[in-house]
Amino acid sequence: MSSGNTVVARNVRLLREQRGMSLAELARQAGLAKQTLSTIEQGTGNPTVDTLFSVADALGVPVTRLVAEREQVMVVQRGDDVAWHEHGGYASRSLDHVYGSGVIENYLLRIFPAPGDEAVEPSAPHPVGTLEHLYVISGRVRVGPVDYTVELSTGDFVRYPADRPHLYETLDGESLVHVVVSVPRVQPGTGATGVARTHDGQPR
């Protein structure tokens, strides 16, 4: 099987399981034969562009979520490169979109310098499929999954997968960031609901 088919197979299966959907249910909502969807999830099919869009619509995600490697889910938006759009008495800047259903949490994080030569302790992984959308209000930070962090300055934005150990590190004194955490409500393979909070010390 091709590497592209492998990526699509893994992403479709993960997103379907996060939503507690059976293979038959997803196939029905996408308007596909169950066998067609099965071959996609096995990585043995060669889905058309129209088929991928149908599956993405049924899952409530952009089609790029089906074809991107997990490491490519990180999206960085530099403050100096964005466009502000005038709307009469105000201007707006689009940061990101949150797709699908689940728990959406908003946080302000004050990130303090690590004392002495101590290493920064990574944050524990959140439930599978969790994304964090982080905007730097002030300061300079290094954030993201520990295996591929990114450095950001005031006005920068990043989205990254947070279902693996991830880091919040200030690079220049105290920093302030705004974080939106999108947590899928349904956990893979369980059909269960109820995701606890992620940053306030309560059980996950």
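Being a predicted model, the structure only gives us computed values, none of them experimental.

## Concerning the overall build of the protein
- Scanning the protein from N- to C-terminus turns up 5 helices and 10 strands.
- Taking all contacts inside the protein whose residues are at least 6 apart in sequence as the whole, residues at least 24 apart take part in 71%.
- By element, 50% of the accessible surface of the protein is carried by carbon and sulfur atoms, the whole surface being about 10,700 Å².

## Observations concerning the sheet that holds strand β9 (residues 166-170)
- The strand order across the open sheet built from 3 strands is β7-β6-β9, with neighbouring strands paired in antiparallel fashion. Across the chains shown, the open sheet's two edge strands, defined by having one partner strand only, are β7 (150-153) and β9. The sheet shows a mean angle of 20° between the axes of neighbouring strands, taken without regard to direction.

## Examining the nonpolar core
- L134, V143, L152, V158, Y160 and V177 are the most contacted members of the largest nonpolar core, which totals 20 residues.
- At the level of secondary structure, the elements contributing two or more residues to this core comprise β4 (102-111), β5 (131-138), β6 (140-145), β7, β8 (157-161) and β10 (175-184).
- The residues contacting V158, other than those within four sequence positions of it, are M74, V75, V76, E132, H133, L134, V143, V150 and L152.
- Counting residues in hydrophobic clusters, the runner-up holds 19 residues, among them V8, A27, L32 and V61.

## So, the confidence of the model for the protein
- Of all residues in the protein, 84% attain a pLDDT of 70 or more, and the chain-wide mean is 82.
- Highest mean pLDDT in the protein belongs to β7 (96); lowest belongs to helix α5 (residues 64-67) (81).

## Overview of the sheet that holds β5
- In space, the 5 strands of this open sheet follow the order β1-β8-β5-β10-β4, with antiparallel pairing throughout. Either end of the sheet is taken by a strand with one partner, and the two such strands are β1 (75-77) and β4. Going from strand to strand, the sheet's axes swing by 15° on average, the running direction of each strand aside.

## A word on the packing of helix α2 (residues 23-30) against helix α3 (residues 34-42)
- Orientation of α2 relative to α3, taken along the N-to-C sense of each, is 110°, at an axis distance of 9 Å. Viewed along their axes, α2 and α3 adopt a mutual orientation that is roughly perpendicular. Of the two elements, α2 crosses α3, and the hand of that crossing is right-handed. Residues L23, A24, L26 and A27 of α2 form the contact with α3, whose own contacting residues are K34, L37, S38 and E41.
- For the contact of α2 with α3, the class distribution of residues is 5 nonpolar, 1 polar and 2 charged.

Rules and cut-offs
Residues numbered from 1 in each chain as written. Predicted model: local features only at pLDDT ≥ 70, side-chain atom pairs only at ≥ 80, totals over all residues. Heavy atoms only, no water. Helix = DSSP H or I, 4+ residues; strand = E, 2+ residues; numbered from the N terminus. Contact = heavy atoms within 4.5 Å. Areas by Shrake-Rupley, 256 points an atom, 1.4 Å probe, with all protein chains shown as cover. Pairing = 2+ DSSP bridges. Axes fitted to C-alpha atoms, helices over the stretch in contact; angles between N-to-C directions. Core = buried A, V, L, I, M, F, W, Y, C linked by side-chain atoms within 4.5 Å. Buried < 20%, exposed > 50% of the residue type's maximum accessible area, 1.4 Å probe, protein only. pLDDT = per-residue confidence, 0-100. Parallel < 35°, antiparallel > 145°, perpendicular 65-115°, else oblique. Left-handed = near helix turned anticlockwise from the far one by under 90°. Nonpolar A, V, L, I, M, F, W, Y, C, P; charged D, E, K, R; others polar.

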